[in-house]
Structures are given as structure tokens and as C-alpha cells.
Amino acid sequence: MPRAAVISLSALLLVATSHMGAALTPLPPCHGVEEGEMRVGDTLKFARTSKSIVTLENYMDPFEPQADGVYGHRNATIKALHDFNGVRLVDCATGRFLAINDQPELAVVSAALAATEFLRADVQADQPVTFNDVRRAAHALYSGDVLELRETEVTCGCQWYGEGDA
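We now turn to the structure provided with this report. Predicted model only: the values in this text are computed from it and were never measured. (Residues numbered from 1 in each chain as written. Predicted model: local features only at pLDDT ≥ 70, side-chain atom pairs only at ≥ 80, totals over all residues. Heavy atoms only, no water.)

### Remarks on the state of the cysteines
One covalent bond between the sulfur atoms of two cysteine residues makes up a disulfide.
Point 1. Counted according to the given criterion, the structure contains 2 disulfides.
Point 2. Between the sulfur of Cys30 and that of Cys156 lies a disulfide, 2.0 Å long from S to S. Taking the sign of the S-S torsion, -90 degrees for the link of Cys30 and Cys156, the bridge is left-handed. Here Cys30, found in the loop between helix 1 (3-24) and strand 1 (33-35), pairs with Cys156, found in helix 5 (residues 156-160); they are 126 residues apart in sequence, far enough to count as distant. Both residues of the pair, Cys30 and Cys156, count as buried. (Disulfide = S-S within 2.5 Å. Helix = DSSP H or I, 4+ residues; strand = E, 2+ residues; numbered from the N terminus. Buried < 20%, exposed > 50% of the residue type's maximum accessible area, 1.4 Å probe, protein only.)

### Digging into the side chain of Thr43
Point 1. Structurally, Thr43 is set in strand 2 (residues 38-48).
Point 2. Polar side-chain contacts of Thr43 include one of 3.1 Å to the side chain of Glu57.
Point 3. The residues touching Thr43, leaving out its near neighbours within four places in the chain, are Pro29, Cys30, Thr55, Leu56, Glu57, Gly157 and Tyr161. (Polar contact = N/O pair within 3.5 Å; in protein donor to acceptor, adjacent residues only side chain to side chain. Contact = heavy atoms within 4.5 Å.)

### A few points about the sheet that holds strand 3 (residues 53-60)
Point 1. Ordered in space as 1-2-3-6-7-8, the 6 strands form an open sheet in which the pairing is antiparallel. The open sheet has two free edges, formed respectively by strand 1 and strand 8 (146-150), since each of these has just one partner strand. Each adjacent strand pair in this sheet contributes to an overall mean axis angle of 35 degrees, direction not counted.
Point 2. Note that strand 2 and strand 3 share 7 bridges and pair antiparallel. Considered in strand 3, the bridge of Val40 is made with Tyr59. (Pairing = 2+ DSSP bridges. Axes fitted to C-alpha atoms, helices over the stretch in contact; angles between N-to-C directions.)

### Overview of the layout of surface pockets
Point 1. By volume, the largest pocket is sized at about 150 Å³.
Point 2. Lining the largest pocket are Phe46, Ala47, Arg48, Ser110, Ala114, Asp122, Val123, Asp126, Gln127, Pro128 and Val129.
Point 3. Mapped by element, the contributors of at least two residues to the lining of the largest pocket are strand 2, helix 2 (106-114) and helix 3 (120-124).
Point 4. In terms of residues, the lining of the largest pocket owes the most to one element, strand 2, which gives 3 residues.
Point 5. For the lining of the largest pocket, a count of residues per class yields 6 nonpolar, 2 polar and 3 charged. (1 Å grid on protein atoms, 1.4 Å probe; cavity = no way out; pocket = protein on both sides within 12 Å on 5 of 7 lines; lining within 4 Å. Points joined across faces, edges and corners; volume = space filled by probe spheres on them. Nonpolar A, V, L, I, M, F, W, Y, C, P; charged D, E, K, R; others polar.)

Keep in mind these values describe shape, not function.
Quick look at the structure:
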């Protein structure tokens, strides 16, 4: 077989196997799940508190086709969640959660909260943090943009990380 054919065959096998590996990669936990009229995605564990786990996840008012064929927000029952596109932090033990609008980047929110005076020392020492400290940090960073709500069922993120009786 000519050398060019061997290289091309090798390149083809590399491309084929790399796509197969990507197809086998699982989606992030709870990606695209709908909970309480809202869409959840990219859940991660923010902090283990003394009693529970706090999850951090993308949280948005889902899109659906409108009468004119264009997609628009569905608009949740809770007016403050209309056109919402941000994150939520869920205390898995109680179901209490914070919803922060216009902050869709989980890593940015996580790093910003962890750097506040309310959480920094405990995070650096790998110590438990309380949900109240997380709440105080969120209010300090995002002022009036933090909604405090409660989930009545165990969320996908809390179920994924194995805690919570919300």
C-alpha cells in the first residue's frame, strides 16, 4: 500500500475513533431537565455544608414555539422568573434555593461566592459552609438580583449527588 494511502487510512481511523469517544461521553448531570416549569442544566456540587450539599446549576425559563413559529420564553408561574436565565443554588436538605438572574456561568458564580468574606476561609480550609453563609455571600455580590425560593421536591442535582429530602 502506498505511503499516502497508509497516512490517509490512519487519519481516517483517528477521526472515526475520536468521534466514537465523544459520542460515548455522558452529558453533564441533569442537563436539560425541567423542574417546576424551569429548565435545569450543568449541575455541580458547590459546597458540602454541615448538614447537606449545596448544588449550583444553570436555571432558565424554557423556550417553546410561539404562535408565529418563533421560539420565546414560556414564562413560569412566578413572575420574577419570567425571562430568567441564570443560576440557582439549592440546599438539598431543606429545598431552599437562591436564583440569581443574568449569571449563566457556573464557574464564575462559584468562584465569586467562594471568594467572599462569608465563605473564603472555609472554602480555602476545605471546611463545611452553611447555606446561610452562601445566602449572605450571594446577597452581598448580587444585591437585589437574588430570589429566595423553595423547591417542594428533590431536585435532579440533589438526587444526583445523593442527598436531600426537599
